[in-house]
Amino acid sequence: MVREATGAAPDIPPAGAAAWLKARLFSSPANILLTVLAAWLLLMLLPAAVEWLFVLPDFHASTPQQCQAAGGACWAFIAAKHRLILFGLYPYDEQWRPLLVTAMLVGIIVCSGVRRFWRPWLLGAWCVVLVCSAVLMWGGVFGLSHVEDSLWGGLPLTLILSVFGIAFAFPLGILLALGRRSEMPVIKALSVIYIELIRGVPLISLLFMSSVMLPLFLPEGFSIDKLLRAQIAIIMFAAAYIAETVRGGLQAIPKGQYEAAAALGLTYWQQVRKIVLPQALRVVMAPLASIFISLFKDTSLVVVIGIFDLTQAAKAAIADAQWHGFSIEAYLFIACIYFVFCYAISRYSQGLEKRLKYESA
Amino acid sequence: MAQAMIQMEGVSKWFGSFQVLRDIDLEVARGERIVICGPSGSGKSTLIRCINRLEEHQQGRIVVGGVELTGNLKRIEAVRRDVGMVFQHFNLFPHLTVLENLVLGPVWVLGLPRRAAEEKAMHYLERVHIADQADKHPGQLSGGQQQRVAIARSLCMEPKVMLFDEPTSALDPEMVTEVLDVMVGLAEDAGMTMLCVTHEMGFARQVADRVIFMDQGRIVEQNTPEAFFDAPANERTRLFLSRILH
């Protein structure tokens with residue numbers, strides 16, 4: 001009706017499935033070629049994948065022999081090995097403890113994502129969860145048997161490394177970013193040196209250094225736990241990247257904001273907390289989420305110093321001679337776990353970005 | 001004679017090798033209303049920005065309300081508590097609502113309870129005729145409205161001195177009046193010391209006790225508005241006035 005009233009219709013694409021297809025998929029020769037290529041690839045891959053994953057496998061199989069007879073993916077392997085992959089070498093009968101820790105950590109992370117819960121008690125809840133996690137994992141009190149942290153492994157370990165990694169690297173990174181922009185020459189120089197040194201070194205070499213070289217420098221009889229050393233290496237590494245990202249956000253804030261905050265009489269730290277960071281972090285939400293995602297996945301590098309994280313646990317499961325040749329299933333399984341966590345971070349940050357943008361529009 | 005609110009003695013400042021302020025002597029009495037004008041680059045903005053130390057002077061003395069401005073952070077913060085500033089580009093905090101913009105200073109700098117700060121904020125929002133926008137974000141307001149919010153934000157700190165740095169020059173012409181009206185209302189309240197960098201000569205005539213003309217970092221001429229506009233003594237002042245009044 002409106003269209004009639006205004007006379008000739010503008011270039012609004014006509015409705016209908018055929019028109020949509022023509023506009024989106026077959027609009028030009030190059031587009032047609034790409035569409036055909038994509039369709040061909042899908043045709044090659046999809047049926048084969050579905051067949052391997054769901055059609056061929058014998059879902060009632062319970063031994064490797066049955067699996068091999070049926071062909072396709074061997075889900076019995078996952079059924080038999082999922083506890084080794086998820087919890088590593090943690091004593092079998094005590095594995096409810098890491099399971100509970102995993103549930104608690106995931107729970108508190110999800111709670112932290114809900115803005116309604118951003119109250120002082122959330123910090124208390126974090127402390128409770130961390131203390132409970134430590135008690136549950138180590139044991140030795142309340143009738144729980146003691147478990148060495150060299151036996152920890154799998155998903156809880158990956159979660160612990162990345163949660164603590166983010167929790168400590170994030171504030172450290174912010175301080176470094178502020179330090180790099182500081183007018184005090186010593187603080188600025190230290191921040192720059194730290195950031196550039198750490199960014200110039202691969203995480204793997206940091207991990208090696210922390211596990212092999214650091215003990216050489218420590219006095220006789222004095223040792224820091226291997227897990228803790230790896231954790232510190234991860235924190236130090238992530239902090240340098242977070243610092244550079246946050247610095248980008250700080251630079252995006254107009255000078256007038258600092259001036260207005262200063263003119264009100266706010267102290268430096270009040271300016272940072274109330275005016276600068278809330279705006280700077282909003283700007284760098286997406287790259288920060290990327291850093292968190294890669295930190296989560298980079299924890300798998302601790303395999304090089306023999307810590308039993310999710311990836312190492314999967315390798316251990318494959319190494320079982322009885323279940324030979326099911327590595328694809330194991331890697332697929334842990335890939336799914338990694339994906340669920342990373343995708344959740346990604347979606348959450350996108351949602352948060354959208355909400356904050358709307359609020360300050 | 002009562003102690004002056006602001007004393008500047010031999011103040012000089014350089015940006016690199018360029019001297020923006022040359023040996024400025026200025027005394028501002030309590031409650032005095034001053035309009036500063038001059039061609040762009042004459043140092044007028046820099047002059048008032050030195051008063052709350054957004055710019056650092058390199059020579060001379062600046063004393064505000066009995067506190068001399070030095071590198072001492074405590075002194076700078078004390079001066080800034082007493083000196084409000086309104087900027088050309090408003091500089092409202094875009095991530096906070098209008099009300100939160102106003103409450104921030106009283107709560108964090110003056111230590112007021114939130115309730116009291118909000119009441120005070122609403123009082124000043126009413127005074128600048130914009131109380132109905134308290135829950136919006138600055139980005140949703142027009143330029144004139146934003147500048148009025150910025151004035152209210154400064155007033156919430158109940159400053160002894162208000163500095164205006166070209167408060168109307170970033171505004172669309174039809175919004176200039178609403179901001180000037182608020183400023184005139186403010187000037188008519190006794191007690192507030194005002195320094196205003198502006199080219200709104202009507203405003204200067206209406207409210208100023210003294211008009212200062214600056215050129216090339218110097219105070220070239222200062223006088224009452226009547227004398228300043230009707231019988232400018234200096235050649236450069238005459239030239240400037242003839243340019244902006246026609």
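Keep in mind the model is a prediction, meaning the values are calculated, not measured.

**Focus on the overall build of chain B**
Summing up its helical and strand segments, chain B has nine helices and ten strands in all. With the principal axes as the frame, chain B shows a C-alpha extent of 50 × 45 × 40 Å. For chain B, the residues scored as buried account for 58% of the 246 residues in total. Pairs at least 24 apart in sequence give 66% of the contacts found in chain B among residues at least 6 apart. Put simply, chain B shows about 10,500 Å² of open surface, and 47% of that area lies on carbon and sulfur atoms. Of the charged side chains in chain B, 26 are positive and 32 negative; the average position of the first set lies 6 Å away from that of the second.

**Thoughts on helix 9 (residues 235-244) of chain B**
All names here are of chain B. Those residues of helix 9 lying buried are Thr237, Phe240 and Leu241. Considered in projection along helix 9, the buried side chains sweep an arc of 95 degrees and stay on one side of the axis. Relative to its buried face, helix 9 has exposed residues pointing more than 90 degrees away, namely Glu235 and Arg243. Summarising the contacts, the buried residues of helix 9 are in contact with strand 3 (33-37), strand 9 (210-215), strand 10 (218-223) and helix 8 (225-230). Near the N-terminus of helix 9, the side chain that reaches the backbone nitrogen of Arg236, with its oxygen 2.7 Å away, is that of Asn234.

**Some remarks on the pairing of strand 7 (residues 161-165) of chain B**
Residue and element names in this part refer to chain B. The element strand 7 is extensively covered by neighbouring structure, given that five of its five residues are classed as buried. Across the two faces of strand 7 the burial is the same, with Val161, Leu163 and Asp165 and Met162 and Phe164 all buried. Where strand 7 lies against strand 8 (residues 193-197), five bridges are found, and the strand directions are parallel. Within the sheet, the bridge partner assigned to Leu163 lies in strand 8 and is Leu195.

**A word on the interface of chain A and chain B**
Contacts between chain A and chain B engage 22 residues on the former and 22 residues on the latter. Regarding the contact of chain A and chain B, the summed buried area is about 2,000 Å², with carbon and sulfur atoms giving 62% of it. Scanning the region where chain A abuts chain B turns up one salt bridge. Here Glu259 of chain A and Arg49 of chain B are joined by a salt bridge, their closest N and O atoms 2.6 Å apart. Across the contact surface, chain A and chain B share six residue pairs in polar contact (both at pLDDT 80 or more). For the side of chain A that touches chain B, the secondary-structure elements that each account for two or more residues are helix 12 (255-263) and helix 13 (268-283) of chain A. The element best represented in the side of chain A that touches chain B is helix 12 of chain A, accounting for eight residues. In the side of chain A that touches chain B, the residues fall into nine nonpolar, seven polar and six charged.

**Notes on the side chain of Asn91 of chain B**
For Asn91 of chain B, the position within the fold is in the loop between strand 6 (83-86) and helix 3 (98-108). By relative accessible area, which is 12% here, Asn91 of chain B ends up buried. Setting aside residues up to four positions removed in sequence, Asn91 of chain B forms contacts with Gly256, Gln257 and Ala260 of chain A together with Arg153 of chain B.

**Side note on the packing of helix 6 (residues 96-113) of chain A against helix 8 (residues 154-180) of chain A**
If you want to describe how two helices pack, look at the angle between their axes and the distance between the axes. All names here are of chain A. Orientation of helix 6 relative to helix 8, taken along the N-to-C sense of each, is 35 degrees, at an axis distance of 9 Å. The handedness of the crossing between helix 6 and helix 8 is left-handed. Of the residues in helix 8, those touching helix 6 at Pro98, Thr102, Leu105, Val106 and Ile109 are Leu155, Pro156, Leu159, Ile160 and Val163. Grouping the amino acids of the contact of helix 6 with helix 8 by side-chain chemistry returns nine nonpolar, one polar and no charged.

**Digging into the nonpolar core**
The biggest cluster of nonpolar side chains holds 117 residues, and the ones touching the most others in it are Ile6, Met8, Ile36 and Leu195 of chain B. With 13 residues, the top contributor of residues to this core is helix 11 (residues 226-251) of chain A. Not counting residues up to four positions away in its chain, the partners in contact with Met8 of chain B are Ile24, Asp25, Leu26, Leu47, Cys50, Ile51, Arg61 and Ile62 of chain B. Residues Val86, Val98, Met162 and Val184 of chain B belong to the second largest nonpolar core, which totals 51 residues.

**Notes on the sheet that holds strand 8 of chain B**
Residues and elements named next belong to chain B. Strand order in the open sheet formed by six strands is 6-7-8-3-9-10, and the pairing between neighbours is mixed. At either margin of the open sheet sits one strand with a lone partner, and together these are strand 6 and strand 10. The mean angle between the axes of side-by-side strands here comes to 20 degrees, regardless of whether they run parallel or antiparallel. Bridging between strand 3 and strand 9 involves four bridges; their strand directions are parallel. Along strand 9, the bridge assignment pairs Ile36 with Ile212. Sheet strands touched by helix 2 (residues 73-82): strand 6 and strand 7. Its angle to strand 6, the strand with the most contacts, is close to 65 degrees. Against the sheet, helix 9 touches strand 3, strand 9 and strand 10, its axis set at about 100 degrees to strand 9.

**Structural notes on the packing of aromatic side chains**
In the structure shown here, the tally under the stated rule is eleven aromatic pairs over all chains. Pairing Tyr268 of chain A with Trp269 of chain A gives two aromatic rings, centres 5.1 Å apart and planes at 80 degrees, and the pair type is edge-to-face. Using a relative accessible area of 43% as the deciding quantity, one classes Tyr268 of chain A as partly exposed. Since its relative accessible area comes to 52%, Trp269 of chain A is described here as exposed. A connected cluster of aromatic rings, assembled from ring pairs, spans Phe296, Tyr338 and Phe341 of chain A. Across from the ring centre of Tyr92 of chain A, 4.0 Å away, lies the NZ or CZ of Arg83 of chain A, which sits over that ring. The cationic tip of Arg153 of chain B hangs over the ring face of Phe93 of chain B; the distance from NZ or CZ to the ring centre is 4.6 Å.

**Remarks on the confidence of the model for chain B**
Predicted confidence across chain B gives a mean pLDDT of 91, with 98% of residues reaching 70 or more. Across the whole predicted complex the pTM is 0.82, and at the interface the ipTM reaches 0.90.

**Here we look at the sheet that holds strand 2 (residues 18-28) of chain B**
Two orientations exist for strands paired in a sheet by backbone hydrogen bonds: parallel and antiparallel. All names here are of chain B. Spatially, four strands are ordered 2-1-4-5 in an open sheet, and the strand pairing comes out antiparallel. Unpaired on one side and paired on the other, strand 2 and strand 5 (67-68) mark the two borders of the sheet. Pairing between strand 4 (residues 59-64) and strand 5: two bridges, direction antiparallel. Bridging from a neighbouring strand, Val63 pairs with Glu68 of strand 5.

Reading the values: rules and limits
Residues numbered from 1 in each chain as written. Chains lettered and ligands numbered in written order. Predicted model: local features only at pLDDT ≥ 70, side-chain atom pairs only at ≥ 80, totals over all residues. Heavy atoms only, no water. Helix = DSSP H or I, 4+ residues; strand = E, 2+ residues; numbered from the N terminus. Buried < 20%, exposed > 50% of the residue type's maximum accessible area, 1.4 Å probe, protein only. Contact = heavy atoms within 4.5 Å. Areas by Shrake-Rupley, 256 points an atom, 1.4 Å probe, with all protein chains shown as cover. Lys, Arg positive; Asp, Glu negative; His and termini not counted. Charge placed at Lys NZ, Arg CZ, Asp CG, Glu CD. Arc of directions from axis to C-beta. Polar contact = N/O pair within 3.5 Å; in protein donor to acceptor, adjacent residues only side chain to side chain. Pairing = 2+ DSSP bridges. Buried area = accessible area lost by both parts, 1.4 Å probe. Salt bridge = Lys/Arg side-chain N within 4 Å of Asp/Glu carboxyl O. Nonpolar A, V, L, I, M, F, W, Y, C, P; charged D, E, K, R; others polar. Axes fitted to C-alpha atoms, helices over the stretch in contact; angles between N-to-C directions. Left-handed = near helix turned anticlockwise from the far one by under 90°. Core = buried A, V, L, I, M, F, W, Y, C linked by side-chain atoms within 4.5 Å. Phe/Tyr/Trp six-rings, centres within 6.5 Å; stacked < 30°, edge-to-face > 60°. Lys NZ or Arg CZ within 6 Å of the ring centre and 35° of its normal. pLDDT = per-residue confidence, 0-100.

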